[in-house]
Amino acid sequence: MATIRDVAQLAKVSTATVSRVINSNGYVNEGTIKRVKEAIEQLNYFPNDVARSLFKGRSKMIALFVPDITNPFFPELARAIEDVTNRHDYTFVLCNTDSDIHKTTNYLNALQQKSADGFIIVSGSLTEDHLKNIQAPIVALDRIISTDISSVTVNNRIGSRQAVNYLRSLGCRRIAHIAGPEHVDNAIYRMRGYLDEVKHEDWFDSSYVVSGAYHFETAREAAVHLLTNNPRIDGIFAGNDLMGTAVLNAAASLDIKVPEDLAVIGFDGISMGERVTPALTTMAQPIYDMGAEAAEILIKQIRTPSQKVMREAFKVKLIERQST
Ligand code: RIB
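Since the model is a prediction, treat every value here as computed from it, not as a measurement.

## Concerning the overall build of the protein
Along the backbone of the protein there are eleven helices and twelve strands. Its C-alpha atoms give the protein principal-axis dimensions of about 80 × 35 × 30 Å. Split into buried and exposed, the 324 residues of the protein put 51% on the buried side. Contacts in the protein between residues at least 24 apart in sequence constitute 69% of all its contacts with a sequence separation of at least 6. Accessible surface for the protein amounts to roughly 15300 Å². Of this, 50% is attributable to carbon and sulfur atoms. Measuring between centres, the 35 positive side-chain charges of the protein sit 7 Å from its 38 negative side-chain charges.

Structure (structure tokens):
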């Protein structure tokens, strides 16, 4: 196990200089800093935990921020990220932000203090401005933060058009949409995909779009209201699977048979969708692959700070089940 003395000897400096480089305190010229860091890498020297965590983000810790830990989509995403980060010897930390910007920035600052090596963030409200003091690399997952930050998303708008066209192919003629939160970009793209397909229909008006906020209870109440007021609706595209299961619940409470009277399709591909009755047809996101890709991009950026911004967009896939 290399010691601070071995590092000093190899870099031809004093142990006090090595300590200054590790703790980033006191003046050290760039050439010396470079020699010391090379010696640390070459000797695979790791100071004790406290010193290490002060050595500019060498905490070997990666944090994932999710907006709603009660939504099954996010634990499935977290599973992939934990597998990849652990495989690369990083500690994985999961933070639930409740989509609250203050909670999000508090977590960011606290983990920055603990020298987190990098962040994978799912957020509909965070902007580049909130991140200007964060030195560690960031990857935006599922929702884009800015064009200057790497991201992993899916083809939300095209996938939504496919969902509506699939319902049409089954004979649905009046198709409604349960939308996600209006401040979340992927919910907006999914609604736009729905509107691309129906806004020119003679039956269409804004009453065919209701907000479910990506939440079960909100979506269930909205679906009851929608189906009660528009009994001719024969197809519903829900912006995520949790809302899709809420539509099934609402239909059952109104004695509407699925799929005989009403075809229902969701979006996400969470495993819960295959366990409800009837099982939920969905536009499945490659959840595990998305999480794994975000983790691989972040680790690349940690290891090569000059790594250029990367934007990966996966394709969703139709999974037909009993709800259609
Ligand atoms: O179900 C949760 C939703 O929030 C998913 O559609 C996912 O895309 C995330 O944005």
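## Some thoughts on the sheet that holds strand β6 (residues 175-179)
If you trace the six strands from one edge of the open sheet to the other, you get β7-β6-β8-β9-β10-β12, paired in mixed fashion. Both outer strands of the open sheet, β7 (209-211) and β12 (317-319), are each paired with one neighbouring strand and no more. This sheet shows a mean twist of 20° between the axes of neighbouring strands, independent of strand direction. As defined by bridge partners, strand β8 (residues 235-238) adjoins strand β9 (residues 263-268) across three bridges and the pair is classed as parallel. The partner of Gly235 across the bridge, within β9, is Ala263. Strand contacts of helix α10 (residues 241-253): β6, β8, β9 and β10 (281-284), with the helix running at about 160° to β9, the strand carrying the most contacts.

## What to know about the side chain of Thr281
Here Thr281 is to be found in strand β10. Owing to a relative accessible area of 0%, Thr281 belongs among the buried residues under this scheme. Among the polar contacts made by the side chain of Thr281, one reaches the main-chain amide nitrogen of Arg321 at a distance of 2.7 Å.

Definitions and cut-offs
- Each chain carries its own residue numbering, running from 1 in the written order of its sequence.
- For a predicted model such as this one, the threshold for reporting local features is a pLDDT of at least 70, and the threshold for listing and counting side-chain atom pairs is 80 or more; totals across whole chains, interfaces and linings nevertheless cover every residue.
- The basis for every side-chain value is the complete set of non-hydrogen atoms in the structure, without hydrogens or water.
- The secondary structure listing takes helices from DSSP runs of H or I that are at least 4 residues long and strands from runs of E that are at least 2 residues long, numbered from the N terminus.
- Only protein chains enter the calculation, and the probe is 1.4 Å; a residue is then buried if its accessible area is under 20% of its type maximum, exposed if over 50%, and partly exposed in between.
- Whether two residues are in contact is decided by their heavy atoms, any of which lying within 4.5 Å being enough.
- Note on areas: these come from Shrake-Rupley sampling with a 1.4 Å probe, and a residue is covered only by the protein chains present in the view.
- When charges are tallied, Lys and Arg are placed among the positive residues and Asp and Glu among the negative ones, while His and the ends of the chain are skipped.
- Taken as the charge centre is NZ of Lys, CZ of Arg, CG of Asp or CD of Glu, depending on the residue.
- The rule for pairing is simple: two strands pair if DSSP sees at least two bridges between them.
- In this analysis an axis means a line fitted to C-alpha atoms, helices contributing only their contacting stretch, and an angle means the value between N-to-C directions, from 0 to 180 degrees.
- For the purposes of these results, a polar contact is taken to be a pair of N or O atoms within 3.5 Å, where, inside protein, one atom must be able to donate a hydrogen and its partner to accept one; residues adjacent in sequence count only when each atom of the pair is a side-chain atom.

So, to be careful, I would describe these as geometric facts and stop short of saying anything about function.
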